[in-house]
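# An overview of the molecular structure
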Amino acid sequence: MLDVHRLRVFRSVVASGSVQAAAANLGYTPSAVSQHLSALQRETGLTLLSRAGRGLRPTAAGHALAAEADRVLARLGAAESLIADLRTGRTGALSIAYFASVGAAWMPLVVRRVLAELPNVRLDLELKENIPISPEERADVQVVVARTGFDPGSGFTAHHLLDDPYVAALPTAHRLAGQEEVDLADLAEERWVDNDFARGWCRANLIEACTAAGFSPAFRVEAHDYPTALALVAAGIGLTVLPALGAAHLPDGVTCVRVVRPTPVRSIHVVVHDAVAHTPAARTAVAALREAAASS
């Protein structure tokens, strides 16, 4: 069995680059740090550190162990946090992951409702665009974009929240700005501003719709997010096509027109870890998300 305390000391030496620096950071003597390192190397039977000038650098084995130590210490920290919650009378914690465009639109309502009904619950919020492959890295509750009927994986249940149609965001002086709707094909020759640098599902969905309309959009500018893309539209650079939820807060000088024939639509779901689905915090969070989706 590895000694967790020695792992912490080893990790500090790797991060600090020397025994002396690690000792100062930990409040130990250099001799004590060296003893812990020697003991860890005996326990593992590996050479974990090598000399580099006046400091130390990890060997290949040391790099691998340091990476694993990060995961072990993170899990241990989570367990210690849970113990602290129980000791102080808190009823636990709930982790919620969400993608960018629902952050400002939905999360304030969700957080307000959960904390109003369960004031002793700690909420851990995380911006996350995709569902992690490893179940251990997933949040208790995650808002995701996915095709209807997708499989969230063993131990998780998906609930549909909203179908979010796309709109064209245009400068208010644009020739199409006064229309209620516009055929996607009518935008083929326009100057497009991209809004999804990650080339995620939402962008793929848009490109598929454009292909169905008989063209491929020529992006003149690539932005990393919806607010930046909308600001570029306001500056008269071009237009951007995005889900309606992402266009909930438009800058001055920008208007939206429904896109039709075809209308790209993204489906928004909430994925809940079955192990916590019965808890008051998870049930309240899901109910709040349904409320937010219904009012969008």
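Look a little higher up for the structure.
All of these numbers come straight from a predicted model, not from anything done at the bench.

In this structure, S134 sits in the loop between strand 4 (121–127) and strand 5 (141–145). When its relative accessible area of 26% is taken as the criterion, S134 is described as partly exposed. S134 sits 82 residues away from S216 along the chain, and the two C-alpha atoms are 35 Å apart.

What follows is about the pattern of salt bridges. Should the charged atoms of two oppositely charged side chains come close, the side chains can pair. Scanning the entire structure with this criterion turns up 16 salt bridges. The residue E117 makes a salt bridge to R113 at a minimum N-O spacing of 3.1 Å. Highlighted residues: E117 and R113, both in helix 5 (residues 100–117), separated by 4 residues, approximately one helical turn. Judged by its relative accessible area of 44%, E117 is partly exposed. Members of the salt-bridge network, linked through shared partners, are E181, D183, R258 and R261.

The next thing to look at is the pairing of strand 5. The side chains of a regular strand alternate, residue by residue, between the two faces of the sheet. Of all 5 residues in strand 5, 5 are buried; the element is thus mostly enclosed. The side-chain alternation of strand 5 yields two buried faces, one formed by V141, V143 and V145 and the other by Q142 and V144. Here strand 3 (residues 92–98) runs beside strand 5; their pairing, made up of 2 bridges, is parallel. Looking at strand 5, one finds that I96 is bridged to V141. Where strand 5 and strand 12 (residues 265–273) come together, 5 bridges link them in antiparallel fashion. Looking at the pairing, V143 lines up with V270 of strand 12.

Here the focus is the packing of helix 1 (residues 4–16) against helix 3 (residues 30–44). Close contact between helix 1 and helix 3 brings their axes to 9 Å; oriented N to C, the two are set at 110 degrees. One element, helix 1, and the other, helix 3, form an angle in the roughly perpendicular class. Note on packing geometry: the crossing formed by helix 1 with helix 3 is left-handed. Taking contact as the criterion, the partners of H5, R6, V9, F10 and V13 in helix 1 are, on helix 3, V33, H36, L37, A39, L40 and E43.

Parameters at a glance
Residues numbered from 1 in each chain as written. Predicted model: local features only at pLDDT ≥ 70, side-chain atom pairs only at ≥ 80, totals over all residues. Heavy atoms only, no water. Helix = DSSP H or I, 4+ residues; strand = E, 2+ residues; numbered from the N terminus. Buried < 20%, exposed > 50% of the residue type's maximum accessible area, 1.4 Å probe, protein only. Salt bridge = Lys/Arg side-chain N within 4 Å of Asp/Glu carboxyl O. Pairing = 2+ DSSP bridges. Axes fitted to C-alpha atoms, helices over the stretch in contact; angles between N-to-C directions. Parallel < 35°, antiparallel > 145°, perpendicular 65-115°, else oblique. Left-handed = near helix turned anticlockwise from the far one by under 90°. Contact = heavy atoms within 4.5 Å.

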